[in-house]
Amino acid sequence: MALASRAFLWTGAVVCLGFAVIQLIRPELKNPPVTAEIQAPEEVRQILRTSCYSCHSNETKLPWFDQIEPAYWLVTKDVKKARRHLNFSEFGKLPAAQQKGLLFEAVNQIQMGAMPLPRYLKVHPEAKVTQDQVAVLRNYLVPPSTASAAPAAAADTTAGDAQYGKWIKQSEGPLEVQKSPNGIAFLPDYKNWKTISSTDRFDGGTLREIMGNDVAVKAIADNHINPWPDGTVFAKVAWFEQPDGQGVMRTGAFYQVEYMIRDSKKYASTKGWGWARWRGTDLKPYGKDAKFTNECVSCHEPVAKNDYVYTMPIGGQQ
Ligand code: HEC
Ligand code: HEC
């Protein structure tokens, strides 16, 4: 028995022990009770259950290979984060407008390939949402017949108009709006900026308008848009759509406004843009802490070559 093989045995034992020990250091992942599960037709819930529940619900079921460290540690982190953003087991507690907004966001994320998380799909290919399933989700959110035919209840239309009036007011009065968690202050002036484009991505979902401040408008006129000059600000405003019964889409409830503010030095760590979002008629700042900007940046990453801006005013790509 040579010394070498004894050393080998020892090394093996230490590695095994180490592996066993890290199995014991487990951040806790509990399944809290399901208190207000999303109310939706069974075929919709089935899709969410298969593709989203392992992270976005209190019914996380981990297969054995996710129970082993370090996979377990990574999955736990994802699940905790995912539940904070969207938890289908507690979904029913949210106000109706927020539920709707989150579902729109969910379908958007699926269509862009951002959800389920691509690294999760590599090991769980069964969680992929197919085109047919996307169609099921979209039809649930915007039933094809109601999109053009069914009139909104008069009360809804009035509420929508009242919300719109409120939105106009938001930009006038000195409203107390809290800062975004990354320190960016609300810019009430966006209402007076120029509309650069409006999108209605999602036949009958939200109406969006992209506005630009004077610097943006001048940059467009001078064709200096890549990179955009410091001082450029974009606002993207979204409302829910509401058919009025005469085939006209009206703006329903105000959903959110979000900004990209160009300052290549100040915001160097977030690709040269300051990102901020306020949601709901009470303009609640979005994000638990400053890290919410990771979401914005990662979704705008596909257009990094356009200086992270989706809306192309010249050439009319949008
Ligand atoms: C492997 C875990 C995992 C799976 C599976 C998963 N997600 Fe997520 N999801 C996350 C994480 C983590 C975040 C937070 C991302 C961040 O903060 O960068 C997130 C964020 C989101 C958000 C953003 C919510 C917001 O506040 O804007 C939506 C919407 C979303 N997921 C929808 C879905 C849908 C729909 C599915 C199923 C088709 C799904 N996710 C499947 C982990 C997951
Ligand atoms: C799910 C992907 C996604 C996420 C997450 C996202 N965006 Fe966007 N954003 C888009 C798309 C797509 C557009 C193009 C306009 C449209 O289709 O609505 C856009 C447009 C914008 C615009 C108008 C300028 C442009 O690029 O066209 C602003 C401002 C903006 N987003 C801000 C934000 C902020 C702030 C956040 C984070 C709080 C954020 N976005 C998160 C997808 C996303």
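Nothing here was measured: the structure is a model prediction, and the numbers come from that model.

**Let's talk about the site of ligand 1**
Working step 1: Residues in close proximity to ligand 1 total 19 residues, the closest being C52, C55, H56, M115 and Y286.
Working step 2: One of the side-chain nitrogen or oxygen atoms of H56 is found 2.8 Å away from a nitrogen atom of ligand 1.
Working step 3: Contacts to ligand 1 include Y286, whose side-chain N or O atom sits 3.1 Å from an oxygen atom.
Working step 4: Counting only elements with at least two residues in the shell around ligand 1, the list comes to α3 (53-56), α4 (71-85) and α5 (96-111).
Working step 5: Partitioning the shell around ligand 1 into residue classes produces twelve nonpolar, four polar and three charged.

**Overview of the coordination of the iron atom of ligand 2**
Working step 1: Inspection of the coordination sphere of the iron atom of ligand 2 shows a single protein donor, H300 (NE2), at 2.2 Å.
Working step 2: By the element assignment, H300 lies in helix α11 (residues 293-300).

**Remarks on the coordination of the iron atom of ligand 1**
Working step 1: Around the iron atom of ligand 1, the protein contributes the donor atoms H56 (NE2) and M115 (SD), which lie 2.0 to 2.2 Å from the metal centre.
Working step 2: The site at the iron atom of ligand 1 holds six donor atoms, and with the angles between them running 85 to 179°, its shape is octahedral. Remark: M115 occurs in the loop between α5 and α6 (118-123) and H56 occurs in helix α3; sequence separation between them is 59 residues.
Working step 3: On the accessibility criterion, H56 (11% relative accessible area) is buried.
Working step 4: Using a relative accessible area of 28% as the deciding quantity, one classes M115 as partly exposed.

**Section: the packing of aromatic side chains**
Working step 1: This structure, assessed with the given rule, holds eleven aromatic pairs.
Working step 2: Judged by centre distance (6.2 Å) and plane angle (80°), the ring pair of F186 and Y190 falls under edge-to-face.
Working step 3: Pairwise contacts between aromatic rings join F186, Y190, W193, Y259 and W278 into one cluster.
Working step 4: When the ring centre of W273 is taken as origin, the NZ or CZ atom of R262, which lies over that ring, is 5.1 Å away.
Working step 5: R277 extends its terminal NZ or CZ atom over the ring of Y286, reaching a point 4.4 Å from the ring centre.

**Details of the confidence of the model for the chain**
Working step 1: Summary statistics for the chain give a mean pLDDT of 80 and a share of 76% for residues scoring 70 or more.
Working step 2: The least confident element of the chain is helix α8 (residues 144-148), whose mean pLDDT is 50; the most confident is strand β5 (residues 273-279), at 96.
Working step 3: This model gives residues 146-155 a pLDDT under 50, and the stretch forms 14 contacts once residues within four places in sequence are excluded.
Working step 4: This stretch, residues 314-318, has a pLDDT under 50; its non-local contacts, to residues over four places away or in other chains, come to eight contacts.

**Side note on unusual backbone geometry**
Working step 1: Following N226, the chain continues into P227 via a peptide bond in cis, with omega recorded as 5°.
Working step 2: Checked against the element boundaries, P227 lands in the loop between α10 (214-221) and β3 (233-243).
Working step 3: The residue L283 is not glycine, and still its phi comes out positive at about 50°.
Working step 4: The exposure class of L283 is buried, given its relative accessible area of 1%.
Working step 5: Phi is positive for D307, which is not a glycine, with a value near 60°.
Working step 6: With respect to the helices, strands and loops of the structure, D307 is situated in the segment after α11.
Working step 7: Accessibility expressed as a relative area gives 8% for D307, which makes it buried.

**Brief notes about α4**
Working step 1: A rise of 1.5 Å per residue sets the reference length of α4, with its 15 residues, at 21 Å; its end C-alpha atoms lie 21 Å apart and thus fit the reference within 8%.
Working step 2: Considered for burial, the residues of α4 that qualify are Y72, V75, T76, V79, A82 and R83. In a view along the axis of α4, the buried residues occupy a sector of 135°, so they form one face of it. Turned more than 90 degrees off the buried face of α4, the exposed positions are K77 and R84.

**A short note on the pattern of salt bridges**
Two side chains bearing opposite charge may form a pair once their charged atoms approach each other closely.
Working step 1: Under the definition given, this model contains eight salt bridges.
Working step 2: Among the salt bridges present, the one from E42 reaches R49, with a minimum N-O distance of 3.1 Å.
Working step 3: With a relative accessible area of 44%, E42 lands in the partly exposed category.
Working step 4: You can call R49 partly exposed: its relative accessible area is 32%.
Working step 5: Ionic pairing is found between R277 and E258, a salt bridge with its closest N-O pair at 2.8 Å. Remark: E258 occurs in strand β4 (residues 249-262) and R277 occurs in strand β5; sequence separation between them is 19 residues.
Working step 6: Overall, R277 belongs to the buried group, its relative accessible area being 10%.
Working step 7: Among the ionic contacts, a cluster of salt bridges with common partners joins D230, R262 and D307.

Conventions and cut-offs
Residues numbered from 1 in each chain as written. Chains lettered and ligands numbered in written order. Predicted model: local features only at pLDDT ≥ 70, side-chain atom pairs only at ≥ 80, totals over all residues. Heavy atoms only, no water. Near = heavy atom within 4 Å. Polar contact = N/O pair within 3.5 Å; in protein donor to acceptor, adjacent residues only side chain to side chain. Helix = DSSP H or I, 4+ residues; strand = E, 2+ residues; numbered from the N terminus. Nonpolar A, V, L, I, M, F, W, Y, C, P; charged D, E, K, R; others polar. Donors = N, O, S within 2.8 Å, 3.2 Å for Na, K, Ca; no water. Tetrahedral: all angles 85-135°; square planar, octahedral: opposite > 155°, others 65-115°. Buried < 20%, exposed > 50% of the residue type's maximum accessible area, 1.4 Å probe, protein only. Phe/Tyr/Trp six-rings, centres within 6.5 Å; stacked < 30°, edge-to-face > 60°. Lys NZ or Arg CZ within 6 Å of the ring centre and 35° of its normal. pLDDT = per-residue confidence, 0-100. Contact = heavy atoms within 4.5 Å. Expected span 1.5 Å × (residues − 1). Arc of directions from axis to C-beta. Salt bridge = Lys/Arg side-chain N within 4 Å of Asp/Glu carboxyl O.

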